[in-house]
Structures are given as C-alpha cells and as structure tokens.
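This is what each chain is made of:
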Amino acid sequence: MKLHLGHLYPEFLNLYGDRGNVLILCRRAQWRGIQVEVTPISLGDKLVPGAYDLLFLGGGPDQEQGIASADLVAKGPWLKEAVEEGTALLAICGGYQLLGEYYRTASGETLPGVGLFAVYTEAGNKRLKGNIAIQMPELGSEHPVIGFENHSGRTFLKGSRPLGQVIYGDGNNGADGTEGARYRNAIGTYLHGPLLSKNPHLADYLLRLALRRRYGEVELSPLDDTLEMATNTAVYKRFLPTRGKW
Amino acid sequence: MLRRILAILAGRLVAFLCRCLKKGGTSLPGFLALKLDPDLIEGLIAGYRKVIIVTGTNGKTTTTNLLASILRASGLRVVSNSEGANMPAGVATALLGQRGEVAVLEVDEGSLALVTGQVQADVVVVTNLLRDQLDRYHELEQLAEAIKIALAHTPDAALVLNADDSLVTSLGDGRSTVRYFGLARTPWSQETTREVLEGHICPHCHQPLGFKFYHYSHLGDYFCPRCSYRRPRAEYEGRGLQLKPGGTDFNLVHPGGALFLHTPMPGIYNVYNILAAAGTALYLGVEPATIVRVVASFLPGQGRAEAFNLRDRRITLMLVKNPTGMGVALRTLATGRQKMAFLLAINDLAADGRDVSWLWDADLTPLLAIPGNPIICAGLRAGDMAICLKYQGIKEADLEVIPDPAASIECLLAKPVKEALILCTYTNLAVYRRLLQHRGARSEVTPGTSLPGVS
C-alpha cells in the first residue's frame, strides 16, 4: 500500500510549523507499513488529478500568500476535479481562506478564491487568537480536536458544512459557533500549525479518507497514542473556560 | 513638573523596596512611575550626550551589554537596562536607577514606537528579524513595517543594520546615515537550507530572493534575480571566522582598518552580536584597542549559554524563544558531544508566546544525531515538546515528560552524564536558574546577582 501526498507551496505556505502535519501523516502511515511519497507542488507545476491521495496546503504570511494565491487560482479547476474524484485535502488558515469563494479585504477589495469550499471571508479588525477546541462527531472519539488559531479574517459558511462545532475559542468568525469547512474528503480549518500532533484521531481519519479512493475502506492498525492523547486531554482541560481561560 | 518629580520619587521608592525584599524589580518601579507620568522616559533622557537603542529579534541583551561594557571601558558613564527588561517599564527603571552620559537601551521590537516617540536616539541598532512569537508580533513583514514607522520618529538617528538580513537591510531605505555589519562566507556557510524560510521575498519587487549562501535562517548573501536589490556592502565585516572549543576568532574589517577579535562566547550568533556592538562602538569613535580588550573578556548574561558546575557535572542553561534560536543553540551546544542529557522546558505564558507551534519549525537535527541521549520535556507544554520529538524520530524510551520544574531537575541530575543542556523559554529561565543554585550549582559567569524579571 502506498500513500501519494502532494504538498502545495511548501516554501511559501508554512507560517506556523504547518509542515509538521505532513511529517505526522507520513510517520503514522509508515509505522503501519504503508509507503509514503511526498511531492512538493509549487508555482507553475501541473497538478494531475488522480495522482495524489492527499493534498496539503498550509497558511502563509501576506506576501507569500499573495504569490501562492495567483498560482493557486490558476490551479483551481484541477484541484476541484481532484477533490470531486475523492482526493482528500487538508487546508489550514490562509490555505483554507484561498480555497473559499473570495476574501474581502479591509479596504473593500475582493480577492477571488478557488471556490472549492462554499465559504467566503471578510477582513476583521481584531485578530481572533488563542487556544481552541472543537467537537467533530464523525471522528467517533470522546476526545475533542484542539489547537491554536490566529486569524483576522472572518469566514462565513455559504453552503459548505462546518468541520466542527466550537467548544471554546472563536472558530470561523467568533460568532456562529462553527469551525472550518468540509466538502467531500476536503477539510479546511483555522487550527494552525502542527494541528495533527495532539489530534491523532483526526490524523487517522484523514489517512482513511486518503486511502479510500485507491484501496477502499482500510482498517488502520492501532498505534500507541498515550502521549498524544494525554497531551490532548491536558491542554483541553487547561483552557476550558469554566476553569478560567488562562 | 510636580507630576514628574512624584513619579521619579515613587519609582525610586519602589526600586528601594524591591532591593530590600530581594525581588528583582527590573520593571516594576518603571511601570508604576510611567503610570504617574507617561512621558517620564522623555524627561529622564534629557541631558544625555548619546542615546543608543538596540532592537531586533535575537541577540538584543548580549549586544546591549557588550556595547555598554565597551563604552564604560572607554571611560564613559553608561546607563543600560542590562538584564533584558526591554519594555518601556524596564527602560524607565534603568533610567530611574542612576544618571549617566550615555544610555544604551535594549528595546523590545514590539514596543519600539513607544520609546522612539519619547527619545530622540542618536543610533538605532537592529540585530535581526526572525520568526518569533507570532501571536504577539504577527508576521515578519508586518513587524518590519512597524519598526519602519517607529524609526520615522527619530529621522536623524544613524542606523546600524545587519546587512545579511534582507528585512533589516530594507529598514535603511531612504535614511540619511546607515552603517551595515555583516559576516563574509565561512566554512560553515551553506548553499541550501533545511530551515523554514522567512524574509526571502524581495522588499522592492516582492519576488523570491536568490541566495549565494546562508549562515543560518534567512541570514546570508542574498540578491534579487529581478531588480537590483542585494546584500549591501558591510562597513563592519567579520572575516576569517574560526570556531574553536574555547571560543571564536575573527577579523573585523572596517573603513579604518581591521581588528583581530577573540571571544570566549560560542556560536556564530554571538559573532553577529559582536559585529553589531563593535561596529556601533567604532561608529561612535571608540579606540579599537578598547574594543579588542572588552570583547576578549566579555561573557554573556544570565541564562545565555550560562554554564554551571554541580558536583562533577557541567550544566548549560540557555534561553530559547523561537525556532532559529533553538536550532542554533542546539547546533552550538550539542554538536560534536558524546553522551549528554537534555532538558527542554517549554512554557506558553504571555512572555513566552502563547502559541507553541514554532517548536515544529526548529531544526532539531543535533538532538537526533546521537541516539540514546536522555531527553526530559518539562514546563506547561512538556507534552507538545515530547510529541514533536517523537515524530522527528526520538524513541519514546529516551523521552520523559515531567512538567514540574523541580521534579524535572531531579530527574536530570539522576542521569549518568557529565554534561547536560537545559533549554528554557523565558518564564522558565529564572525558575531553573534558582533550582540549580538551590542545589549548589555555581555559575561560571556571574556570582548570583539579581534575576531578570518578567517584563
């Protein structure tokens, strides 16, 4: 069994240690005897639908994001076709925003997105930042998904379903209690950086989505996640608002 | 005026009480005095002959202290916030403490505008701009923009800038007096980099920069393939670098000649600190012989690769706060050693940065080089550190997660090793220093003076 992972713009979109997720996905596959091939996909590279089981897109600083976004919009049709065919995808923060329909800046300018997710984003004045926990029932785990968010954009769902419900933190826009977006096997989220490190249940869910297209339902052998889950619980409880935010 | 006198008296009283109670007090007196008189710094700085501000991401404290030492050795009365309390409260505390002819002020890159709004600096030194505490400072380009705005408040200040950092260099655009310091190619320079890149976009035409070589992070010899933007010629340039077990030797080539410098401080990052401090001193007209003498004997402050002796062990305590600093610290202090124990104490309080995602951007290769070395993860984010190491390839059997500082030190001291390295984020530094001293550890640097306070 082999996992083909495409890493989009690794040199531009890696603001908060996002590349850690690629390492985590590789290790968790390799520990189960699944081969992994990671292909960087960057400016001007053609994206062949069907070549990848899983695509990863991180967030970037404004300038880098600007460089990547022009190229990404050109790749939009390929990307959408790949996702329609069942390719799994994880997009974080800036990557998530770029895959929406548009981003409206503070000055009222509208930057077009790929339109993979039926969401749109508007600039906000105050950054939404801090520890966040969300509920994702489809993971079938009593553990929440936890992470850190830091974004000024407010994203609103316009048809896509959310990735999860906010337990604490701000999520998409700090108002409607939703976090992230979901379309077929594609996931967009504001939980940045090494999101999968404290959420091995989400990492394995993504691996199963990725392998499904080529190999059907795959049973992943269990790994020892004691460290990851203990950290998930400790961080989750520490920032539960009932116990004081900090 | 009465307001100012009251503020000064109140500040000095609090400083006196802090000394009586043996509480650091590097920020509190200034904090309270600034509440009474928000323009206090402007008042206190009047009458100084020269004011020098040191800012940037890494190396501020060492550069500030070295420059202050050089100026003192040349006979000047120097006031400086030497203990790293670099917010306005720390600056005010230092100025309340005594009067001098020259002020050398370390200023946090995030509060620079607050200080330049009150102080007409003669020289501003910028060490580097690296990815650091993104939840506080946001993206690097935004930080560079904020510094540019802060510098506009002191249009007449000379700038001493790092030529090897494209983001820092761009701060010199349109300024009347700019001097650059930099480091020529060394045997350790690399043509490609494993590190996460920042500052690799041309500040003028916004295209990716090319690099002839990297020293570390995005510091190196860069050029824009499209426009004429490139690393400027450095008036103060380090050449012929030799890293040795007992320190570092290099030549500082400057417009008036060359100095042969020896420093007991390890690591290439300290060469940059010396270039910044010595370059500024040369610009101010200090005798070269004084610079050579001070550099040869200067040791960095507490917790900056501070070595302790405890029983038959040598334990090095090092502040880490961002991925580049962590990677360089490991490369400098852990490479080429055999058996060694590590303690990584990571907190996520306000002064550390709430977001610990940066751990995944650090190059931890030196930790992986010798399998079987014990690694203890401590602090509020001990689990995050351990998970990061697990996925980088450290065997779980070599990893221990002990969040409590005292318990983690006991565990470290039980390891059968001669050498240990403790890497701490900011709020853990004083804690671990105290724990070591309570167990009888003796610092090779400074006999127990006051600790840097959390500002």
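Residues numbered from 1 in each chain as written. Chains lettered and ligands numbered in written order. Predicted model: local features only at pLDDT ≥ 70, side-chain atom pairs only at ≥ 80, totals over all residues. Heavy atoms only, no water.

1. Here's the deal with the overall build of chain A
At step 1: In terms of helices and strands, chain A carries five helices and twelve strands.
At step 2: Computed over the C-alpha atoms, the radius of gyration of chain A is 17 Å, within 12% of the 18 Å expected from 2.2 N^0.38 for a compact globule of 246 residues.
At step 3: Considered along the principal axes of its C-alpha atoms, chain A spans approximately 50 × 50 × 30 Å.
At step 4: Classification of the 246 residues of chain A by burial places 59% in the buried group.
At step 5: Element-wise, carbon and sulfur atoms account for 51% of the exposed surface of chain A, whose accessible area totals about 9300 Å². (Helix = DSSP H or I, 4+ residues; strand = E, 2+ residues; numbered from the N terminus. Rg over C-alpha atoms; globule rule 2.2 N^0.38 Å. Buried < 20%, exposed > 50% of the residue type's maximum accessible area, 1.4 Å probe, protein only. Areas by Shrake-Rupley, 256 points an atom, 1.4 Å probe, with all protein chains shown as cover.)

2. Comments concerning the domain arrangement of chain B
All names here are of chain B.
At step 1: One can read the domain layout of chain B as domain 1 (38-297) and domain 2 (306-443).
At step 2: Computed from C-alpha coordinates alone, the two centres of domain 1 and domain 2 are separated by 28 Å.
At step 3: With 19 residues of domain 1 at the contact, the number on the domain 2 side is 20 residues.
At step 4: In total, about 1500 Å² of surface goes out of reach between domain 1 and domain 2, with carbon and sulfur atoms giving 47% of it.
At step 5: Across the domain 1-domain 2 interface, the total number found is zero salt bridges.
At step 6: One can count three residue pairs in polar contact (both at pLDDT 80 or more) joining domain 1 with domain 2.
At step 7: Looking at the side of domain 1 that touches domain 2, the elements that each hand over two or more residues are helix H7 (134-137) and strand S7 (210-216).
At step 8: Of the residues assigned to the side of domain 1 that touches domain 2, the class counts are five nonpolar, seven polar and seven charged. (Domains from an automatic or database assignment. Contact = heavy atoms within 4.5 Å. Buried area = accessible area lost by both parts, 1.4 Å probe. Salt bridge = Lys/Arg side-chain N within 4 Å of Asp/Glu carboxyl O. Polar contact = N/O pair within 3.5 Å; in protein donor to acceptor, adjacent residues only side chain to side chain. Nonpolar A, V, L, I, M, F, W, Y, C, P; charged D, E, K, R; others polar.)

3. Observations regarding unusual backbone geometry
Glycine aside, the phi torsion of most residues is negative, and most peptide linkages are trans.
Residue and element names in this part refer to chain A.
At step 1: Within the chain, Cys 93 stands out as a residue other than glycine whose phi angle is a positive 50 degrees.
At step 2: On the secondary structure map, Cys 93 appears in the loop between strand S4 (88-92) and helix H3 (94-98).
At step 3: With a phi angle near 45 degrees, Arg 184 is a residue other than glycine that sits in the positive phi range.
At step 4: Counting through the fold element by element, Arg 184 comes out in the loop between strand S11 (181-183) and strand S12 (186-189).

4. Side note on the UniProt feature "active site" (unreviewed entry) in chain A
At step 1: Under the UniProt annotation, "active site" (unreviewed entry) lies at Cys 93 and His 192 of chain A. Taking the farthest pair of C-alpha atoms as the criterion, the annotated set spanning 100 residues converges on one region, since that pair is 6.1 Å apart.
At step 2: Setting aside its immediate chain neighbours within four residues, Cys 93 of chain A contacts Gly 59, Asn 150, His 151, Thr 189, Tyr 190 and His 192 of chain A.
At step 3: A relative accessible area of 2% means that His 192 of chain A is categorised as buried.
At step 4: Discounting residues that sit within four places of it in the chain, His 192 of chain A has contacts with Tyr 16, Asp 18, Ile 92, Cys 93, Phe 148, Glu 149 and Asn 150 of chain A together with Asp 355 and Ser 357 of chain B. (UniProt positions renumbered as here; feature names shortened; annotations may be inferred.)

5. Structural notes on helix H14 (residues 382-392) of chain B
At step 1: Along H14 of chain B, eleven of the eleven residues are buried, which leaves the element largely enclosed by surrounding structure.
At step 2: Gly 393 of chain B sits one or two positions beyond H14 of chain B and adopts a positive phi of about 120 degrees.

6. What about the nonpolar core?
At step 1: One finds Leu 99 of chain A together with Ile 291, Met 326 and Leu 389 of chain B to be the most contacted residues of the largest nonpolar core, which totals 136 residues.
At step 2: A per-element tally of this core places helix H10 (residues 268-283) of chain B first, with eleven residues.
At step 3: Both domains that furnish three or more residues to this core are identified here as domain 1 (38-297) and domain 2 (306-443) of chain B.
At step 4: Discounting residues that sit within four places of it in the chain, Ile 291 of chain B has contacts with Ile 70, Leu 259, Leu 261, Ala 278, Ala 281, Leu 282 and Val 286 of chain B.
At step 5: Counting 42 residues, the second largest nonpolar core, distinct from the first, contains Ala 33, Ile 41, Val 91 and Ala 163 of chain B. (Core = buried A, V, L, I, M, F, W, Y, C linked by side-chain atoms within 4.5 Å.)

7. Looking at the interface of chain A and chain B
At step 1: On the chain B side, the residues contacting the 37 residues of chain A number 33 residues.
At step 2: At the junction of chain A and chain B, the tally comes to three salt bridges.
At step 3: We note a salt bridge from Glu 228 of chain A to Lys 390 of chain B, for which the minimum N-O separation is 2.8 Å.
At step 4: Residue assignment for the side of chain A that touches chain B shows that the elements contributing at least two residues are helix H1 (20-30), helix H2 (62-84), strand S7 (119-135), strand S8 (145-157) and helix H5 (226-238) of chain A.
At step 5: Looking at side-chain class alone, the side of chain A that touches chain B contains 14 nonpolar, eleven polar and twelve charged residues.

8. Considering the sheet that holds strand S2 (residues 35-41) of chain A
Residue and element names in this part refer to chain A.
At step 1: Pairing in this open sheet of six strands is mixed, and the strands run S2-S1-S3-S4-S12-S11 from one edge to the other. Of all the strands in the sheet, just S2 and S11 have a single pairing partner and so form its edges. Taking the axes of each pair of neighbouring strands and ignoring which way they run, one obtains an average angle of 15 degrees across the sheet.
At step 2: Both S11 and S12 contribute to a ladder of three bridges, which runs antiparallel. (Pairing = 2+ DSSP bridges. Axes fitted to C-alpha atoms, helices over the stretch in contact; angles between N-to-C directions.)

9. Notes on the pairing of S12 of chain A
Residues and elements named next belong to chain A.
At step 1: Of the two faces of S12, both are covered, the one formed by Ala 186 and Gly 188 as well as the one formed by Ile 187 and Thr 189.
At step 2: In terms of strand pairing, S4 meets S12 through four bridges, oriented parallel. By the bridge assignment, Ile 92 is partnered in S12 with Thr 189.
At step 3: Taking the residues that link successive antiparallel strands as the turn, the S11-S12 hairpin has two residues, and the phi of Arg 184 there is positive, at about 45 degrees.

10. A few points about the sheet that holds strand S12 (residues 306-310) of chain B
Residues and elements named next belong to chain B.
At step 1: Taken together, the seven strands give an open sheet; going across it, the order is S16-S15-S14-S17-S13-S12-S18, and neighbouring strands pair in mixed fashion. Every interior strand has two partners, whereas the edge strands, strand S16 (399-401) and strand S18 (442-443), have only one.
At step 2: As paired strands, S12 and strand S13 (residues 313-319) are joined by five bridges and run antiparallel to one another. Counterpart to Glu 306 in the pairing with S13 is Leu 317.
At step 3: Strands in contact with helix H12 (residues 323-334) are S13, strand S14 (341-345) and strand S17 (419-424); relative to S17, the strand with the most contacts, it is inclined by about 170 degrees.

11. Points about the UniProt feature "binding site: substrate" (unreviewed entry) in chain A
All names here are of chain A.
At step 1: Those residues carrying the UniProt feature "binding site: substrate" (unreviewed entry) are Arg 127 in this numbering.
At step 2: Structurally, Arg 127 can be placed in strand S7.
At step 3: There is a polar contact of 2.7 Å between the side chain of Arg 127 and the side chain of Asn 150.

12. Some words on the packing of aromatic side chains
At step 1: Throughout the structure, instances matching the rule amount to eleven aromatic pairs over all chains.
At step 2: Geometrically, the ring pair formed by Tyr 96 of chain A and Phe 117 of chain A is edge-to-face, given 6.0 Å between the ring centres and 75 degrees between the ring planes. Here Tyr 96 of chain A is found in helix H3, whereas its partner Phe 117 of chain A is found in the loop between strand S6 (110-112) and S7, with 21 residues between them in sequence. The residues Tyr 96 of chain A and Phe 117 of chain A share a single accessibility class, namely buried.
At step 3: Where Tyr 216 of chain B meets Tyr 272 of chain B, the ring centres are 6.0 Å apart and the plane angle is 90 degrees; that geometry is what we call edge-to-face. With a gap of 56 residues between them, Tyr 216 of chain B in strand S7 and Tyr 272 of chain B in helix H10 connect regions that are remote in the sequence.
At step 4: Look at Tyr 272 of chain B and you get buried, because its relative accessible area is 3%.
At step 5: Linked through ring pairs, Phe 211, Tyr 214, Tyr 222 and Tyr 229 of chain B together constitute an aromatic cluster. (Phe/Tyr/Trp six-rings, centres within 6.5 Å; stacked < 30°, edge-to-face > 60°.)

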